[in-house]
Amino acid sequence: MRPYPILFALFVSLVPVSAPAQLPEGRPLAYITNEKDNTISVLDVLEGEVVLTAPVGRRPRGIILSQDKKQIYICASDDDRVEIRDADTLKLIRYLPSGPDPELFILHPDGRTLFIANEDDNMVTVVDVPDQAVIEEIPVGVEPEGMGLDPKGNVLVNTSETTNMAHFIDTDSLEIVHNTLVDARPRVSLYTKDGTEVWVSSEVGGTVSIIDPNTYEIQHIIRFQIPGVTDDAIQPVGVRLTDDGRYAFIALGPANRIAVVDQKTKEVLKYLLVGQRVWQLAFTPDQKWLVSTNGVSNDVSIIDVEELEVTRSVRVGRFPWGVVIR
Amino acid sequence: MRAPLRYNPLAPVAIMVCAGFFMGVALFVVVSAEDVSARALSQEELDERIERDKERRRKRQERQKEKGTTLQKKVTLTVPIGILVLEKDIPPALSNLDPIIQREGFDGARLAIEDNLTTGRFIGHDYSLEKVFVGKDEDPVAAFLELAQKTNYIIVAVPKELLLQLADLPQSQSLILFNIAAQDDSLRNEACRDNVFHIIPSRAMRADALAQFLLRKRWTKWFVIRGVAPEDDAFVAALQRAANTFGINIVEEKTWDKIADIRRTAKAEVPLFTKTAPQHDVMILADEQGLFGEFILWHSWQPRLVAGTQGLRAVSWHRNHERWGAIQMQSRFRRQTRRWMGEWDYGAWVAVRAIGETITRIQKDKPKDVKDYLRSDAFAIAAYKGIKVTFRPWNGQLRQRILLSAPRSMVSVAPQEGFLHPRTPLDTLGYDRPASTCNLNPQE
């Protein structure tokens, strides 16, 4: 067995070291966390090429950009902290306290308040980024994960996987104002651009619930049917909504597909075949391209949003989990 | 490309020399990647983490006190849940280094009660746990009846005969019992009861899970070695049924009935015992008490792998299990108990969560309503198996993926890909509706 890590190291070492020290400028770059490799891959989305692979903390999962897009924040789940890195050099700037096992997080529009879901601890940790201090821990349901903020930043919607709820949290008082029961194992929550709907994916329930944030009632439930794929394998996780209100893209996990849904009518328009166990999604800033992380096939798929077609897949590290694009 | 490298000690060196000067950081990353990610906490780390958790909880409570807020909504429903566990027989110690956990199930139930309360406090539902441990010389029926006065839902870890006795008591007719220990297939067939749900997989489910896996490996010639206990008879029957279903050839079935301490005799006895068996791909053991099985490995005449009650086992939970969020569950359980979760703990967790999930959804706590919901298509919970777990309406058995685990690695998960079923692939394991002689829900 000994030669393999070395061969692999040789292979890996060739990639980052031979890559340009300077990341390409003025083009969309996708930052992808590789959960099992403890690295992130930087992908030139238009070229479809990994331009840099860099070591980060243990079990990297959630990844977001700072408001000025000059820094990336990474949940290093097994290190129980958040890493802030320079988006150009990927050098570590500093750590943030996060509470145990941070999984997903979201930055408040104020640019300084970070809301972190602590999966292991039934808690949402609220952190002030410049002060590097925990402001509050909000007890939520069992295994919190999804984090969605309304466009104004007044309400945070957190989902808890085992409690099966979407918790609506007032970002001012940091208290839960309402809980809405959804289908089993809710993973991701997201507001529409206009703030009138909250989309919540239920992985084991196999559905996406659309909640009215004023009444907290579920208004619509999207279900999926794919010929040749059993219902059990249809497990919605990542959700992305185009700002123009046209499309919703929903990653269906081991169904290996992304559903394209009409944001208005909630009809499924198309299923796009991608890699295995597709979880998280991100748009390029112009929303012309969508990138999906396919955990089991160790690659990402790049989707042309206008044509609704998968244009290519690119190999990254092991178990790509999160993705953000700047 | 790779094969020669494996045996040439100079090859790695050569590569190191070629690549060494620019490998630096990358090598470090790769090597360290081998042993990171989700390694279990050591006892010391566990203690530290438990202390940190306590401290955080204390601070949080202080903050809440200061703020004067409480998360608890006004309680509108209170649901007590009972668990009754019978003292386990301790078989003679052989190779089993793991402690026998008496009261197994209590901790799983306790964790699920906490999970139910976490959910319940948002909607004003309160849960409590009544634990009863019955010693070998105590009267389980009396203990059960006392418990039955306090709760409508009782989780039981008792053998089949006692389970039936308890389920048939007049006082039990308005209760729901959750079986987390008895694996007997008869309880899912002719001896099924309307007031009993089975969380623990039956022997048939386990045998089918093994058979599917071994069929995929094309290891279809089995040499079955069995003990003399009635449970071993039952497991052999399940193996025979699985062999029939999946076209497996049991080339020989042999009974180990020796009573000498196998630790001393294995070297001499096992080669002789296994020598006469016809050509086989794998040895399948039926030794539920663990009286000899571990010692078949390495002593057999032919070098063959072992599965069944030892070696590769088909289980509902194992400390190897880490997929589908299970790692969270393992971590929470260990932090609460300082030990690994067992099958009965998992069963008790599922039972309490099933009750909680049902009451959360239907907002009623009458056993009749809960029973109807549990058997309906509407019921589903996520139980760290990647797909929802549900109940078979015809016999009350929990549908679930079965883990195929070696002592230190998760080998596979059943049902195997390609084993299809019109309802769900999970129904390829155990007694499907047409095969089951139990029919609790004829209208489905």
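Residues numbered from 1 in each chain as written. Chains lettered and ligands numbered in written order. Predicted model: local features only at pLDDT ≥ 70, side-chain atom pairs only at ≥ 80, totals over all residues. Heavy atoms only, no water.

A. Structural view of the overall build of chain A. Scanning chain A from terminus to terminus reveals one helix and 28 strands. Here the C-alpha atoms of chain A give a radius of gyration of 19 Å, agreeing with the 20 Å that 2.2 N^0.38 yields for 326 residues. If one aligns the C-alpha atoms of chain A with their principal axes, the spans along those axes are about 55 × 50 × 40 Å. Put simply, chain A has 326 residues, and 65% of those count as buried. In chain A, of all internal contacts separated by at least 6 residues, the share reaching a separation of at least 24 is 42%. With the model as given, the accessible surface of chain A reaches about 11,700 Å², and the carbon-plus-sulfur share is 48%. (Helix = DSSP H or I, 4+ residues; strand = E, 2+ residues; numbered from the N terminus. Rg over C-alpha atoms; globule rule 2.2 N^0.38 Å. Buried < 20%, exposed > 50% of the residue type's maximum accessible area, 1.4 Å probe, protein only. Contact = heavy atoms within 4.5 Å. Areas by Shrake-Rupley, 256 points an atom, 1.4 Å probe, with all protein chains shown as cover.)

B. Quick peek at the state of the cysteines. Residue and element names in this part refer to chain B. Counted under the stated rule, the structure contains one disulfide over all chains. The disulfide bridge from Cys192 ends at Cys438, spanning 2.0 Å between sulfur atoms. Looking along the S-S bond of the Cys192-Cys438 disulfide, the torsion reads about 90°, which is the right-handed sense. You can see Cys192 sitting in the loop between strand 4 (176-179) and strand 5 (196-198) and its partner Cys438 sitting in the segment after strand 14 (409-414), a full 246 residues away along the chain. Classification of Cys192 as buried rests on a relative accessible area of 14%. (Disulfide = S-S within 2.5 Å.)

C. Inspection of helix 4 (residues 106-123) of chain B at higher detail. Residues and elements named next belong to chain B. End to end, helix 4 covers 25 Å across 18 residues, agreeing with the expected 26 Å (1.5 Å per residue, within 8%). The buried fraction of helix 4 amounts to 15 of the 18 residues, a majority that puts the element mostly inside the structure. In the segment just after helix 4, Gly124 is the residue with positive phi, at about 80°. (Expected span 1.5 Å × (residues − 1).)

D. Fine view of the pairing of strand 8 (residues 102-107) of chain A. Residues and elements named next belong to chain A. Most of strand 8 is tucked away, with six of its six residues classed as buried. Sheet topology note: the strand 8/strand 9 (residues 113-118) ladder contains five bridges and is antiparallel. In the strand pairing of strand 9, Leu104 is matched with Ala117. In this antiparallel pair of consecutive strands, strand 8 and strand 9, the connection spans five residues, and Gly111 shows a positive phi of 80°. (Pairing = 2+ DSSP bridges.)

E. View of the sheet that holds strand 13 (residues 402-406) of chain B. All names here are of chain B. Read from one edge to the other, the open sheet built from three strands follows the order 10-13-14, with strand pairing classed as antiparallel. Of all the strands in the sheet, just strand 10 (313-315) and strand 14 have a single pairing partner and so form its edges. Averaged over all pairs of adjacent strands, the angle between their axes in this sheet comes to 30°, without regard to strand direction. Summarising the sheet, strand 13 and strand 14 pair through five bridges and their orientation is antiparallel. Note on strand 14: the bridge partner recorded for Ala406 is Ser409. (Axes fitted to C-alpha atoms, helices over the stretch in contact; angles between N-to-C directions.)

F. The pairing of strand 14 (residues 165-170) of chain A, seen in detail. Residues and elements named next belong to chain A. Burial of strand 14 is extensive: five of the six residues sit out of reach of the surface. Counted along the chain from strand 13 (residues 155-160) to the antiparallel partner strand 14, the turn is four residues long, and its residue Asn164 has a positive phi close to 65°. Two strands pair when backbone bridges link them, and strand 14 and strand 15 (residues 175-181) are joined in this way by six bridges, in the antiparallel orientation. Across the sheet, Phe168 pairs through a bridge with His178, a residue of strand 15.

By themselves these figures say nothing about function.
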